[in-house]
Amino acid sequence: MRNADLVKRDLKSVWHPCTQMKDHETLPLIPIKRGEGVWLEDFEENRYIDAVSSWWVNLFGHANPRINAAIREQTEQLEHVILAGFSHEPVVNLSERLIEVTPEGLNKCFYADNGSSAIEAALKMSYHYWRNMGKPGKKNFVNLGNSYHGETLGALALGDVSLYKDTYEPLLMEVITAPSPDAFNREAGESWEDYALRQFEGMEKILAERHDEICAVVVEPLIQCAGNMRMHHAIYHKKLREACDKYGVHLIADEIAVGFGRTGTMFACEQAGISPDFMCLSKGLTAGYLPLSVVLTTDTVYDAFYDDYETMRAFLHSHSYTGNPIGCAVALATLDIFRDDNVIENNRRLAQCMTDSVAHLADHPNVGDIRQHGMTLAIEMVKDRTTKTPFPWQERRGIKVYRHSLTRQALLRPLGNVVYFMPPYVITEEQIKHLAQVATEGIEIAVRD
Ligand SMILES: Cc1ncc(COP(=O)(O)O)c(C=O)c1O
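Conventions used here
Residues numbered from 1 in each chain as written. Predicted model: local features only at pLDDT ≥ 70, side-chain atom pairs only at ≥ 80, totals over all residues. UniProt positions renumbered as here; feature names shortened; annotations may be inferred. Helix = DSSP H or I, 4+ residues; strand = E, 2+ residues; numbered from the N terminus. Rg over C-alpha atoms; globule rule 2.2 N^0.38 Å. Buried ≥ 20, exposed ≤ 12 C-beta atoms within 10 Å, placed from the backbone. Near = placed C-beta within 6 Å. Nonpolar A, V, L, I, M, F, W, Y, C, P; charged D, E, K, R; others polar. Domains from an automatic or database assignment. Contact = placed C-beta atoms within 7 Å. Pairing = 2+ DSSP bridges. Axes fitted to C-alpha atoms, helices over the stretch in contact; angles between N-to-C directions.

The chain is annotated in an unreviewed UniProt entry as Adenosylmethionine-8-amino-7-oxononanoate aminotransferase of Marinobacter nanhaiticus D15-8W. Note on the chain: under the UniProt heading Subunit (unreviewed entry), the record states "Homodimer." If you open the UniProt record of the chain and go to Cofactor (unreviewed entry), you find "pyridoxal 5'-phosphate".

Structural data, given as structure tokens:
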């Protein structure tokens, strides 16, 4: 089969996610036949380094032999079983391991099957907790400007990226939006830390004035990934934890994208030295293999639901594939790799290589910012570097970088005008340098008038 054969059939039957399908009249659709390590390969033996980990999910490469073996073994035993009234070894083992590796105090695991569903479950749990505690007036949520938490209606309401949200606004619950600590917007000469502290004042004010009606604050610690990979200082979350405790409000950490090493530590919350009341995980949970997500929470939350059935305090929320054994087996294999291969420590060398490989872009007239937290690095293209004036979105400059990358054995998929690397951890220094070279060429092409 040639690429064109599958593309022709695809465009007749598949509606692709987050895509204006008309774009494919001119933009190539890439059919992938196989993957190996960081490489994706099409039907004509063209190869691409998966620099975006296939939407931030892949951790240890495509077709990873250790994870493949875990899947084979699990499918021979048990592919799935209802998790209400029944249990299985992988879900118990995984829960124990997650409790061990996540911040202190997160002692209970509730499973779902994608990131958005984990967010929905955390929102409902937080609201329901306060209701069970005799505080039904707590029914609002606080989010951050420029945040993203998924596409289902509750998760979308909680987001603040207008590209995804505005169309559906009439369908969405209202939320209270606090100013983002996004360091891109700091004043010249202001540090990330000072800016985060300054922005926190807006959050503190909201909590002080409205805590009686607020269930929880929901944040993406350190990186607002879908919000153009904007980053901020960890101090914000330290302050937020203190304020949530002071005002009796839950803290929900959405580590769906940033968890499992993307920011340089296993979880981003570690850099603030905090434990949230709820932590949502997905994506890297299965190293990019299978849809699985989890909400971890505290004994305090769990205990507020634990009662005689007739009191109707139980959390009657479920998904058909909750705690799927194959997904759990993959997640366990993923955690084994982290432990056995000393991944977080080894990633430091790769992160440094990423830093060094793009250093030459720092003074580029159309680069407004280069930012990095651990294994995530972003380069923001701007029209004017001194004023940080963006290119108009209609010009779609990022797509030019994407097109160029495909001709140079790389999959770089910018977010708007932001070119970023969030590669699988099996990438080599050579491959990182290649990506930096391709990004540099792509940016040159994209910023030309
Ligand atoms: C921070 C964050 N939360 C939630 C989600 C939603 O996850 P999913 O796409 O699995 O529903 C995403 C997806 O990109 C995300 O980045």
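From this point, the discussion proceeds with the structure in view.
Asks: Could you clarify how one ought to interpret the overall build of the chain in this entry?
Replies: The number of helices and strands found in the chain is 14 helices and 16 strands. Relative to its length of 449 residues, the chain is compact, with a C-alpha radius of gyration of 22 Å against a globular reference of 22 Å. With the principal axes as the frame, the chain shows a C-alpha extent of 65 × 60 × 45 Å. When the 449 residues of the chain are sorted by exposure, 47% land in the buried category.

Asks: I tried to follow the site of the ligand on my own but got confused; where do I start?
Replies: Taken together, 14 residues surround the ligand, and among them Asn 114, Gly 115, Ser 116, Gly 150 and Ala 257 come closest. Among the elements that make up the shell around the ligand, the one with the highest residue count is helix α5 (residues 115–132) (three residues). The residue inventory of the shell around the ligand, partitioned by class, reads six nonpolar, six polar and two charged.

Asks: In this structure, what is going on with the domain arrangement of the chain? I would like to understand it.
Replies: Considered domain by domain, the chain is made up of domain 1 (3–63 + 343–447) and domain 2 (67–340). Once you take the C-alpha centre of each, domain 1 and domain 2 turn out to be 26 Å apart. Taken together, the contact between domain 1 and domain 2 spans 25 residues of the former and 24 residues of the latter. Where the side of domain 1 that touches domain 2 is concerned, the elements lending two or more residues are α2 (53–56), α12 (343–357), β13 (367–373), β14 (376–381) and β16 (418–421). Ranked by residues supplied to the side of domain 1 that touches domain 2, first place goes to α12 with four residues. Along the lines of polarity and charge, the residues of the side of domain 1 that touches domain 2 split into 15 nonpolar, eight polar and two charged.

Asks: What should I look at first to understand the pairing of β16 in this one?
Replies: Side chains on a regular strand alternate between the two faces of the sheet. Alternating positions in β16 separate into two faces, Val 418 and Tyr 420 on one and Val 419 and Phe 421 on the other, with burial throughout. As paired elements, β14 and β16 share four bridges and run antiparallel to each other. Among the inter-strand pairings, Glu 380 is bridged to a residue of β16, identified as Val 418.

Asks: Explanation requested: the pairing of strand β3 (residues 47–50) in the structure shown.
Replies: As paired elements, strand β2 (residues 39–42) and β3 share three bridges and run antiparallel to each other. Residue pairing in the sheet places Glu 41 in a bridge with Arg 47 of β3.

Asks: Where do I start with the environment of Gly 368 in this structure?
Replies: Within the secondary structure, Gly 368 is located in strand β13. You can call Gly 368 buried: it has 21 C-beta atoms within 10 Å. The spatial distance from the C-alpha of Gly 368 to the C-alpha of Pro 390 is 8.7 Å, given a sequence separation of 22 residues. With residues up to four places along the chain from it excluded, the contact list for Gly 368 reads Glu 380, Val 382, Arg 385 and Lys 388.

Asks: What exactly am I supposed to notice about the UniProt feature "binding site: substrate" (unreviewed entry) in the chain here?
Replies: Under the feature "binding site: substrate" (unreviewed entry), the UniProt entry names Trp 55, Tyr 148, Lys 283, Ser 318 and Arg 413. Considering the C-alpha atoms alone, the annotated residues occupy 359 residues of sequence and remain spread out, their largest mutual distance being 34.0 Å. If you trace the backbone, Trp 55 turns up in helix α2. Residue Trp 55 is classed as partly exposed on the basis of its 16 C-beta neighbours within 10 Å. Along the polypeptide, Ser 318 turns up in the loop between α10 (299–303) and α11 (325–340).

Asks: How should the sheet that holds strand β1 (residues 32–36) be read in this particular structure?
Replies: Hydrogen bonds along the backbone pair up the strands of a sheet, which may run parallel or antiparallel. Read across the sheet, four strands follow the order β1-β2-β3-β15 without closing on themselves; strand pairing throughout is mixed. The outermost strands of the open sheet, each flanked by one partner alone, are β1 and β15 (410–411). Two strands pair when backbone bridges link them, and β1 and β2 are joined in this way by four bridges, in the antiparallel orientation. From the neighbouring strand, Glu 36 faces β2, where its bridge partner is Trp 39.

Asks: I keep staring at the sheet that holds strand β6 (residues 176–178) and nothing clicks. Help me out?
Replies: One open sheet accounts for seven strands, arranged β4-β12-β11-β10-β7-β5-β6; its pairing is mixed. Pairing within the sheet leaves two strands with one partner each, and these edge strands are β4 (108–112) and β6. Here the strands of the sheet are splayed against their neighbours by 20° on average, with no regard to which way each runs. In this sheet, β6 lies alongside strand β5 (residues 140–144) in parallel orientation, the contact comprising three bridges. Within the sheet, the bridge partner assigned to Leu 144 lies in β6 and is Ala 178.

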